[in-house]
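Structure at a glance
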Number of protein chains: 2
Amino acid sequence: MAREISRPTSAIGIFDSGVGGLTVFREIARALPHHPLIYLGDSARVPYGTKSPQTVTRYTLEAANHLMQLGIKMLVVACNTATAAALPALIEKLSIPVIGVVEPGARAAVERTRGRIGVIATEGTVKSRAYTNAIRRIDAKVEVIETPAPLFVPLAEEGWANTHVAREVAEIYLEPLIDSGIDTLVLGCTHYPILRGTIEKVVGDGVQIVDSAETTALSVKKALGESSGKGEPEHHFLVTDAEERFRRIAAEFLDHEIVNMELVTI
Amino acid sequence: MAREISRPTSAIGIFDSGVGGLTVFREIARALPHHPLIYLGDSARVPYGTKSPQTVTRYTLEAANHLMQLGIKMLVVACNTATAAALPALIEKLSIPVIGVVEPGARAAVERTRGRIGVIATEGTVKSRAYTNAIRRIDAKVEVIETPAPLFVPLAEEGWANTHVAREVAEIYLEPLIDSGIDTLVLGCTHYPILRGTIEKVVGDGVQIVDSAETTALSVKKALGESSGKGEPEHHFLVTDAEERFRRIAAEFLDHEIVNMELVTI
């Protein structure tokens, strides 16, 4: 099944627990259209959102080591749960720049808010209070209300993002946030941009959406400078299990079929 | 966090990828009220339903070895995906009786049907065609229609089993089965009994429900004979991660708080 792929050594490594980080991949590929990317999805151990911080940190370090061996020049942790749990450990242990999804989203939210920010994320991310802490470090006066929205992940993965069911689930999760007067909503899980259309309909024009995939891609672009290459780069996708499922969901998330996919053990 | 627990050596071992098998635990505890049970939930690696058969088999053998070291006298594989992938390997490798959830459900369905059986299960179980094969081995003339119902798992785990959203999702999954004229419906994932009330409302009186947790408990009772003990036995719960989440969901699935929980590495 796995085949030998010659890999670029100057690629950006993008890591996620599964398919959610493909929204970050998509935005980075848009922001840096000539840059080769290697995406690693730990589909054998997904989801991270319900696992303990210790376990998430261990898994993330293993994945980072795997990508380091392929010669990446920067690591993007395209998973909010992994960022919340493991970013300090990664920064300490890796010799290359590491960018997580929490800080760029927190920064963008503070720039846009008039004072009250809502954050939706997985159970693990909410428990870690990573967004509240990151936002308060930038501006201690901003109010932050975090709430888990766990059903958004399976709805995105099963292709139900634009259904009536998704709309109803979104209303149940988001109405308490709207009632509490948020003016900005951070999509604090990389799956959630897939439901952005549905979420926007529910929160209406009065609430600004911060998409952590978009804001992370901008941070990556800023850190690396303009993309200097030409033409279409070759991207690679590594998964730890269930290739067929990954391929199907990736085609939906990226709007095109993926090539260069490989099954790896990390 | 983990503490030393003295364990019975004549317990029945019940294994599941996470919390779903608690419906099987509940039925076995009802059928054999004096028998000690050890439940192992592999919450660090849940879900199995989207993983490859090779990976599921490897994980299941590791879990079975862990339970064997505790001295169980019978192993119940309370996970349809693990049963579908790993039952032959377990029977070959273990020296004690092994009961899966597929065969008892298939047998009960054949006994009740007038000719057309619907099966809802995870993606992995449906792909394995474990129910179709098991039913056809008993009666080759019975028609079987299998369909995945993946959103039922998060709906059960997040406590949404009796909501309007669950009802709508159930209608979307089940209406094609009803239209195709099934007279019997197998709940082919151990999470699904949690949604049984909602499922029954959707399929109506004309369709008989086969709950694989119930039928498996009856098989265990038949294999072991009547429970001879007296009084309340001591049950144990082992999990590989996220104890707090397990405790919360277990209280919902079992209708009471659990004691004797331990974090283990397998």
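Here is a short report on the structure shown in this document. Being a predicted model, the structure only gives us computed values, none of them experimental. (Residues numbered from 1 in each chain as written. Chains lettered and ligands numbered in written order. Predicted model: local features only at pLDDT ≥ 70, side-chain atom pairs only at ≥ 80, totals over all residues. Heavy atoms only, no water.)

Comments concerning the overall build of chain A
Regarding its fold elements, chain A presents eleven helices and ten strands. In terms of C-alpha radius of gyration, chain A reaches 17 Å, essentially the compact-globule figure of 18 Å for 266 residues. Principal axes of the C-alpha set define a box for chain A whose edges measure 55 × 40 × 40 Å. Of the roughly 10,700 Å² of accessible surface on chain A, 49% is carried by carbon and sulfur atoms. Side chains of chain A carry 27 positive and 33 negative charges; the gap between the two charge centres is 5 Å. (Helix = DSSP H or I, 4+ residues; strand = E, 2+ residues; numbered from the N terminus. Rg over C-alpha atoms; globule rule 2.2 N^0.38 Å. Areas by Shrake-Rupley, 256 points an atom, 1.4 Å probe, with all protein chains shown as cover. Lys, Arg positive; Asp, Glu negative; His and termini not counted. Charge placed at Lys NZ, Arg CZ, Asp CG, Glu CD.)

Quick notes on the pattern of salt bridges
Residue and element names in this part refer to chain B. This structure, assessed with the given rule, holds 34 salt bridges over all chains. Here Arg-45 and Glu-62 are joined by a salt bridge, their closest N and O atoms 2.8 Å apart. On the criterion of sequence distance, the pair formed by Arg-45 in the loop between strand 2 (37-41) and helix 2 (53-69) and Glu-62 in helix 2 is long-range, its members being 17 residues apart. Under the relative-accessibility criterion, Arg-45 is labelled buried at 11%. (Salt bridge = Lys/Arg side-chain N within 4 Å of Asp/Glu carboxyl O. Buried < 20%, exposed > 50% of the residue type's maximum accessible area, 1.4 Å probe, protein only.)

Looking at the relation of the copies chain B and chain A
Note on the copies: chain B fits chain A at an RMSD of 0.0 Å, the axial shift is 0.0 Å, and the rotation between them is 180 degrees. Between the two chains, the operation in question is that of a two-fold axis. Closest to the rotation axis within chain B is the C-alpha of B:Arg45, separated from it by 2.8 Å. Interface overlap between copies is the fraction of interface residues in one copy that are interface residues in the other; for chain B against chain A it reaches 100%, indicating a shared surface. (Least-squares fit on C-alpha atoms with pLDDT ≥ 70 in both. Contact = heavy atoms within 4.5 Å.)

What to know about the packing of helix 4 (residues 102-112) of chain B against helix 6 (residues 130-138) of chain B
Residues and elements named next belong to chain B. Running from N to C, helix 4 and helix 6 point in directions that differ by 55 degrees, and their axes come no closer than 9 Å. Comparing their axes, helix 6 and helix 4 come out oblique. Crossing geometry of helix 4 relative to helix 6 is assigned as right-handed. Across the interface between the two elements, Val-102, Glu-103, Gly-105, Ala-106, Arg-107 and Val-110 from helix 4 touch Ala-130, Tyr-131, Ala-134, Ile-135, Arg-137 and Ile-138 from helix 6. (Axes fitted to C-alpha atoms, helices over the stretch in contact; angles between N-to-C directions. Parallel < 35°, antiparallel > 145°, perpendicular 65-115°, else oblique. Left-handed = near helix turned anticlockwise from the far one by under 90°.)

Regarding the interface of chain B and chain A
Facing the 29 residues of chain B at the interface are 29 residues of chain A. Counting each side, the surface lost to burial between chain B and chain A is near 2,300 Å², with a carbon and sulfur contribution of 58%. When residues of chain B are sorted by the area they lose upon contact with chain A, B:Leu151, B:Trp160 and B:Asp241 head the list and together hold 22% of the total. Scanning the region where chain B abuts chain A turns up six salt bridges. Put simply, A:Glu123 and B:Arg248 hold a salt bridge, and the shortest N to O gap is 3.4 Å. (Buried area = accessible area lost by both parts, 1.4 Å probe.)

Re the nonpolar core
Most often, soluble globular proteins keep nonpolar side chains buried together rather than apart. In this structure, A:Phe152, A:Leu185, B:Phe152 and B:Leu185 are the most contacted members of the largest nonpolar core, which totals 112 residues. Among the nonpolar cores identified, the runner-up in size contains 26 residues, and A:Ala44, B:Ala11, B:Phe15 and B:Val77 belong to it. (Core = buried A, V, L, I, M, F, W, Y, C linked by side-chain atoms within 4.5 Å.)

Digging into the pairing of strand 3 (residues 74-77) of chain B
Residue and element names in this part refer to chain B. In strand 3, alternate side chains face the same way, and those of Met-74 and Val-76 on one face and Leu-75 and Val-77 on the other are all buried. The sheet contact formed by strand 1 (residues 12-16) and strand 3 spans four bridges and is parallel. From the neighbouring strand, Ile-12 faces strand 3, where its bridge partner is Met-74. Bridge analysis of strand 3 against strand 4 (residues 98-100) gives three bridges, and the strand direction is parallel. Note that in strand 4 the partner of Leu-75 across the bridge is Val-98. (Pairing = 2+ DSSP bridges.)

Brief notes about the sheet that holds strand 8 (residues 208-211) of chain B
All names here are of chain B. Spatial strand order, 6-5-7-8: four strands in an open sheet with parallel pairing. Lying at the two open borders of the sheet, with one neighbouring strand each, are strand 6 (143-148) and strand 8. In this sheet, adjacent strand axes meet at a mean angle of 20 degrees when their direction is disregarded. Where strand 5 (residues 116-121) meets strand 7 (residues 184-187), four bridges bridge the pair, whose relative direction is parallel. Opposite Gly-118, over in strand 7, you have Leu-185 as the bridge partner. Running at roughly 160 degrees to strand 8, helix 4 makes contact with strand 5, strand 7 and strand 8 of the sheet. Relative to strand 8, helix 9 (residues 196-203) is tilted by about 155 degrees, and along the sheet it contacts strand 5, strand 7 and strand 8.

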